[in-house]
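Read off the chains here:
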Amino acid sequence: MSDVDFESEQYEKCREAGEILAQVRDEAAERVEVGVSHLEVAEWAEAKIRELGGEPAFPVNISIDEEAAHATPERDDDSTFGEEMVNLDIGVHVDGWLADTAVTVDLSGHDELAAASEEALDAALDVAGPGVDVGQIGAAVEEVIEGYGFNPVVNLTGHGLGHWEQHTAPNIPNREVSQGATLEPGDVVAIEPFATDGRGKVQEGSDEEIFALEREATVRDRTARQVLEQITEEFKTLPFAARWLDSPRATMALRRLKQQDVVHGYPVLKEQDGKFVSQKEHTVIVTEDGVEVTTRSR
C-alpha cells in the first residue's frame, strides 16, 4: 500500500475541477451546431467554469478538421461551425489543481473516426493503473485506432497534471513504446488519444492565439509591463488567450514579451490539409487498484 492521502485537499480540488469540467464539456458540446459562433461557445464555456466555482486552466480549444490542438478564437473572431469535425478541449483549475478533458463533436459525417478515439480512450482506461508502464497504455490506444483503419497521432501525448502546471511528467504515448514511465498511486494524468485519417503526425501552423509565461522579468515598455502584471497575477504559469488580456494594445505587448522570451506562444498544431483529427480525453487519479476518472459525466 502507498501512503498517498486520497482525501487530502489536493485531490479534493482535483475532483472538484473534474466535476465542473464534466458539466461544462457536456453542455458546451451540445452548443456546437452548424452556424454557431466559435467565440460564443468558447466564451460561454469559460464563463460557465467561473460561475461553477473554477477557473479555466487554459483557453477553450476549438480545433476544426485537420487541426489537433492549440486553436482558440481571437478577440473579434467571427468564425462559425460548418459541416466539420470539431474538437473541444477544455481545462479547469481550482486553486491551481487541474482537470483536462476533450470531446469530438462530429458535424462532418466521419462517425468512425470520432468513435476510434473514444473507444481508444476506453481501452486506455481499462489498462491504466498503478505499476503500469505508460507504453502499455499507448499500445492499447494504437491497437484500437489501427483496428478502425486510422492512425494515432504519434507526436501528441497525454501528460501529468501538476500544481499550476498544465503539462508535467509522465507523458502518455498514443502508440506502443518499449520503455516508458510507470504510473504510481497518487499520479494525476490526462489520457488523450488522437485518431486521424492522415499520416499521424502534426506540424505547427502559423496561427498563435494561446501563450504562457516563460520567465519573470523586468520590462521597460509600459504597456508590456501592465500586460505582464496581469499574466503573472491571473494566470501564473498556465496558458492564456490573447483575448483574455485587458490592454487595448495587447497584441503589441505580447509581441514585445515574446521577443524578450518572457512569454512563449503555442502555434496551432495540424495534420495534412484535407484530413481529419478526432480526440477524446479524460483526467484520472491513479489509485491503489486502478484509476478514478475525475472528468466523467455525472
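Since the model is a prediction, treat every value here as computed from it, not as a measurement. (Residues numbered from 1 in each chain as written. Predicted model: local features only at pLDDT ≥ 70, side-chain atom pairs only at ≥ 80, totals over all residues. Heavy atoms only, no water.)

Visitor: Teacher, can you tell me more about the overall build of the protein here?
Guide: In terms of regular secondary structure, the protein is built from six helices and 15 strands. In terms of C-alpha radius of gyration, the protein reaches 19 Å, essentially the compact-globule figure of 19 Å for 298 residues. Each principal axis of the C-alpha distribution contributes one length, and for the protein these read about 50 × 50 × 35 Å. For the protein, contacts bridging at least 24 residues in sequence account for 76% of all contacts bridging at least 6. Counting 25 positive and 63 negative side-chain charges, the protein places the averaged centre of each group 9 Å from the other. (Helix = DSSP H or I, 4+ residues; strand = E, 2+ residues; numbered from the N terminus. Rg over C-alpha atoms; globule rule 2.2 N^0.38 Å. Contact = heavy atoms within 4.5 Å. Lys, Arg positive; Asp, Glu negative; His and termini not counted. Charge placed at Lys NZ, Arg CZ, Asp CG, Glu CD.)

Visitor: What am I meant to see in the nonpolar core here?
Guide: Among soluble globular proteins, nonpolar side chains are generally buried collectively. With 26 residues, the main nonpolar core has Ile137, Ile172, Leu183 and Ile191 as its most contacted residues. Top element by residues in this core is helix α3 (residues 111–127). It accounts for seven residues. Each residue touching Leu183, except ones within four places of it in the same chain, is listed here: Ala128, Gly129, Pro130, Gly131, Val132, Val134, Ile137, Pro170, Ile172, Val189 and Val286. Judged by nonpolar contacts, the second largest core, of 24 residues, contains Leu21, Val24, Ala29 and Val103. (Core = buried A, V, L, I, M, F, W, Y, C linked by side-chain atoms within 4.5 Å. Buried < 20%, exposed > 50% of the residue type's maximum accessible area, 1.4 Å probe, protein only.)

Visitor: What should I look at first to understand the UniProt feature "binding site: a divalent metal cation 1" (unreviewed entry) in the protein in this one?
Guide: According to UniProt, the feature "binding site: a divalent metal cation 1" (unreviewed entry) maps to Asp89, Asp100 and Glu281 in the numbering used here. In three dimensions, the annotated residues from a span of 193 residues occupy one location, with a maximal C-alpha spread of 8.1 Å. Position of Asp89 relative to the elements: it lies in strand β3 (residues 85–94). When sequence neighbours within four positions are dropped, the list of residues in contact with Asp89 reads Phe58, Pro59, Val60, Asn61, Asp100, Thr101, Ala102, Glu192, Gln279 and Glu281. Tracing the backbone through its elements, the reader meets Asp100 in strand β4 (residues 97–106). Here His159 takes part through its side chain, which lies 3.3 Å from a polar atom of the side chain of Asp100. (UniProt positions renumbered as here; feature names shortened; annotations may be inferred. Polar contact = N/O pair within 3.5 Å; in protein donor to acceptor, adjacent residues only side chain to side chain.)

Visitor: What exactly am I supposed to notice about unusual backbone geometry here?
Guide: Trans is the common state for peptide bonds, and a negative phi is the common state for residues other than glycine. A cis amide bond links Ala169 with the next residue in sequence, Pro170, at an omega value of 0 degrees. With respect to the element layout, Pro170 can be found in strand β7 (residues 165–172). You will see that Trp164, though not glycine, has its phi angle at about 60 degrees, which is positive. With respect to the element layout, Trp164 can be found in the loop between β6 (158–162) and β7. Although it is not a glycine, Lys236 adopts a positive phi angle of roughly 50 degrees. Position of Lys236 among the secondary structure elements: in the loop between α5 (222–235) and β11 (240–241).

Visitor: Got a minute to help me understand the UniProt feature "binding site: a divalent metal cation 2" (unreviewed entry) in the protein in this structure?
Guide: In the UniProt entry, the feature "binding site: a divalent metal cation 2" (unreviewed entry) is given for Asp100, His159, Glu192 and Glu281. Of the residues just listed, which span 182 residues, no C-alpha pair is farther apart than 10.8 Å, and they cluster in one region. In this structure Asp100 comes out as buried when scored by relative accessible area, which is 2%. Looking at the secondary structure, you find His159 in strand β6. Classification of His159 as buried rests on a relative accessible area of 1%. Those residues in contact with His159, other than ones at most four positions away along the chain, are Asp100, Gln166, His167, Thr168, Pro170, Asn171, Ile172, Val188, Val189, Ala190, Glu192 and Glu281.

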